[in-house]
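Descriptive analysis of the structure
Each chain is listed here by its residues.
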Amino acid sequence: QVQLVESGGGLVQPGGSLRLSCAASGSIFSIYIMGWHRQAPGKQRELVATINSGGSTVYADSVKGRFTISRDNVNNTAYLQMNSLKPGDTAVYYCYAWIVDRQGVSNDYWGQGTQVTVSS
């Protein structure tokens, strides 16, 4: 059994910062990709950022230069540092991971989601 647990969401004023964390636990052999997606009300879920096991990153154009994704491979944790937040960043943020478990089975896993609200 593999679980992703997120933390760090909340309410912040425009221009402020938040840091999201996503910890993977369970029967994990290897984590190839960790990342974040978000879904705003009435919109489709969209990719925000991903990072692979080698540290290569991908960002949505809308967050480049403002968000930074990183990961701690020892503790199976990913972080999303969000700076210069805008009201348009308001959404539920979901952690994502592509994991191979100790039985050699690979699957996509999702966290429960954490609300980020940017408002004055």
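In what follows, the structure referred to is the one given above.
Cut-offs and rules
- Numbering of residues starts from 1 in every chain and runs along the sequence as written.
- Per-residue local features of the predicted model are confined to residues with pLDDT of at least 70, and side-chain atom pairs are confined, for both listing and counting, to 80 or more; whole-chain, interface and lining totals are unaffected and use all residues.
- Side-chain figures throughout are based on the complete set of non-hydrogen atoms in the structure, without hydrogens or water.
- Definition used for salt bridges: Asp or Glu carboxyl oxygen within 4 Å of a side-chain nitrogen of Lys or Arg.
- Each residue gets one of three labels from its accessible area relative to the maximum for its type: buried under 20%, exposed over 50%, partly exposed in between, using a 1.4 Å probe on protein chains only.
- Note on conventions: DSSP H or I runs of at least 4 residues are helices, E runs of at least 2 residues are strands, and numbering of each starts at the N terminus.
- DSSP bridges decide pairing: two strands pair if at least two such bridges lie between them.
- Interaxial angle, 0 to 180 degrees, is taken between N-to-C directions of lines fitted to C-alpha atoms, where a helix line uses only the stretch in contact.

1. Re the pattern of salt bridges
Per the counting criterion, the structure on display carries four salt bridges. Notably, a salt bridge pairs E46 with R38, separated by 2.7 Å at the nearest N-O pair. R38 gets classed as buried once you look at its relative accessible area, which sits at 6%. A salt bridge links D89 to R66, with the shortest nitrogen-to-oxygen separation between them at 2.8 Å. Here D89 is found in the loop between β8 (77-82) and β9 (91-101), whereas its partner R66 is found in the loop between β6 (57-59) and β7 (67-72), with 23 residues between them in sequence.

2. Brief notes about the sheet that holds strand β1 (residues 2-7)
Taken in spatial order, the four strands line up as β1-β3-β8-β7 in an open sheet, and their pairing is antiparallel. Among the strands making up the open sheet, the edge pair consists of β1 and β7. On average, each strand axis in the sheet is inclined to that of its neighbour by 15 degrees, with strand direction left out of account. One ladder, built from six bridges, connects β7 with β8; its direction is antiparallel. Among the inter-strand pairings, F67 is bridged to a residue of β8, identified as M82.

3. Some words on the pairing of strand β11 (residues 114-118)
Side-chain alternation along β11 places T114, V116 and V118 on a buried face and Q115 and T117 on a face that remains uncovered. As paired elements, strand β2 (residues 10-12) and β11 share three bridges and run parallel to each other. Considered in β11, the bridge of L11 is made with T117. For β9 and β11, the ladder comprises three bridges, and the chain directions are antiparallel. Of the residues in β11, the one forming a bridge with Y93 is T114.

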